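Architecture and fold: a report
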Amino acid sequence: SAATAAESTAASRVAPAADREAILAMAGAFRVRFTFRETVPLSPGYEPREAYETDAVELVRVIENREDFISLQHVLLVGADGPRPMVVKHWRQDWAWEDGDLLEFAGGERWVRRRMDPDSVRGTWSQAVYQTTDAPRYESVGRWTHEAGRSAWESEETWRPLPRREHTTRDDYHVLVTRNRHVITPEGWVHEQDSRKLVLDSVGRPDRYLVHESGLNRYERCDPALLAPAAAYWDEHAAAWSEVRAAWR
């Protein structure tokens, strides 16, 4: 009947519990290894740069949790094993169920809205990533899959600004073109990034690729007590950062 069909459609629009469980599994206290390696040169004469590797500990807090929306705030603790650890507010990831209103990086200092047909985002989650200042960085959609004990989400291809590790040290490309993959593991989770470094022409159109880059960030659970300074920082400043997020919106 029409009523039964309507009920079935409404049920299909409820975010799956397994998806929400996977997103929330990325919260907690972690030791993190960030690894980025240029792999395949694509421009004549280009020599891949030295690989980037660094370790840190990071707190990931759930700061919003609704049926169709989850927000995770990352807070780094640099030098956690040393005498004077330093807290750094890091990136934020917002997950929205069946979200057809994306804010996408377009090169330079421009972000543009892309509104998608509701049917095209049915069953998907968007992931919007924000920089340390809560400025926008990138957003894309993808599906969580759960099979053979593996939960993973993979994005569509998306443009991103230069990462913090490079935007002050080089100016020979303008955009990272990336697919992101988040995989939940027994020890925590990993963030895999398959990227190409893109040069734009004088009017912001794609000109040439420099190189492929592979990124792998491993998050392994650790003692939450190690992140006590990060937790204290967030408890003290959460209200202020909430105002910052509101101003950006």
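Because the structure is predicted, anything quoted here is derived from the model rather than measured.

For the protein chain, the helix and strand inventory stands at four helices and 13 strands. Computed over the C-alpha atoms, the radius of gyration of the protein chain is 19 Å, within 12% of the 18 Å expected from 2.2 N^0.38 for a compact globule of 249 residues. Across its three principal directions, the C-alpha atoms of the protein chain cover 65 × 45 × 40 Å. Relative to its 249 residues, the protein chain shows a buried fraction of 45%. Of the roughly 12900 Å² that the protein chain leaves accessible, carbon and sulfur atoms contribute 51%. In the protein chain, which carries 33 positive and 41 negative side-chain charges, the distance between the mean positions of the two groups comes to 2 Å.

A word on the environment of Glu98. Inspection of the secondary structure puts Glu98 in the loop between β4 (86-97) and β5 (101-105). Glu98 sits 109 residues away from Asp207 along the chain, and the two C-alpha atoms are 33 Å apart. A polar atom in the side chain of Glu98 sits 2.9 Å from the backbone nitrogen of Gly123.

Our focus in this paragraph is the pairing of strand β2 (residues 52-66). Sheet analysis places strand β1 (residues 28-41) next to β2, joined by nine bridges and oriented antiparallel. Residue pairing in the sheet places Phe34 in a bridge with Thr54 of β2. Across nine bridges, the pairing between β2 and strand β3 (residues 69-78) is antiparallel. Each bridged residue has a counterpart across the sheet, and for Val62 the counterpart in β3 is Leu72. Once β2 ends, the chain turns through two residues before running back antiparallel as β3.

Its volume calculated, the largest pocket comes out at about 1000 Å³. As for the largest pocket, its lining consists of 48 residues, of which His90, Trp91, Pro163, Arg164 and Arg165 are closest to the centre. The class makeup of the residues in the lining of the largest pocket is 23 nonpolar, 13 polar and twelve charged. Empty space within the second largest pocket amounts to approximately 570 Å³. Asp94, Arg113, Ala128, Tyr130 and Arg249 are, among the 24 residues lining the second largest pocket, the residues nearest its centre. Looking at the lining of the second largest pocket, the elements with two or more residues in it are β2, β3, β4, β5, β6 (111-115), β7 (125-130), β8 (136-147) and α4 (228-248). For the lining of the second largest pocket, the residue count by class is ten nonpolar, two polar and twelve charged.

Below, the discussion takes up the pairing of β1. Bridge analysis of β1 against strand β13 (residues 206-221) gives ten bridges, and the strand direction is antiparallel. From the neighbouring strand, Pro41 faces β13, where its bridge partner is Val211.

Once that is clear, we can look at the confidence of the model for the protein chain. Across the protein chain, pLDDT averages 93, with 95% of residues at or above 70. For residues 4-11, every residue scores under 50 in pLDDT, and the model assigns this stretch zero contacts once sequence neighbours within four places are set aside.

What counts as what
Residues numbered from 1 in each chain as written. Predicted model: local features only at pLDDT ≥ 70, side-chain atom pairs only at ≥ 80, totals over all residues. Heavy atoms only, no water. Helix = DSSP H or I, 4+ residues; strand = E, 2+ residues; numbered from the N terminus. Rg over C-alpha atoms; globule rule 2.2 N^0.38 Å. Buried < 20%, exposed > 50% of the residue type's maximum accessible area, 1.4 Å probe, protein only. Areas by Shrake-Rupley, 256 points an atom, 1.4 Å probe, with all protein chains shown as cover. Lys, Arg positive; Asp, Glu negative; His and termini not counted. Charge placed at Lys NZ, Arg CZ, Asp CG, Glu CD. Polar contact = N/O pair within 3.5 Å; in protein donor to acceptor, adjacent residues only side chain to side chain. Pairing = 2+ DSSP bridges. 1 Å grid on protein atoms, 1.4 Å probe; cavity = no way out; pocket = protein on both sides within 12 Å on 5 of 7 lines; lining within 4 Å. Points joined across faces, edges and corners; volume = space filled by probe spheres on them. Nonpolar A, V, L, I, M, F, W, Y, C, P; charged D, E, K, R; others polar. pLDDT = per-residue confidence, 0-100. Contact = heavy atoms within 4.5 Å.

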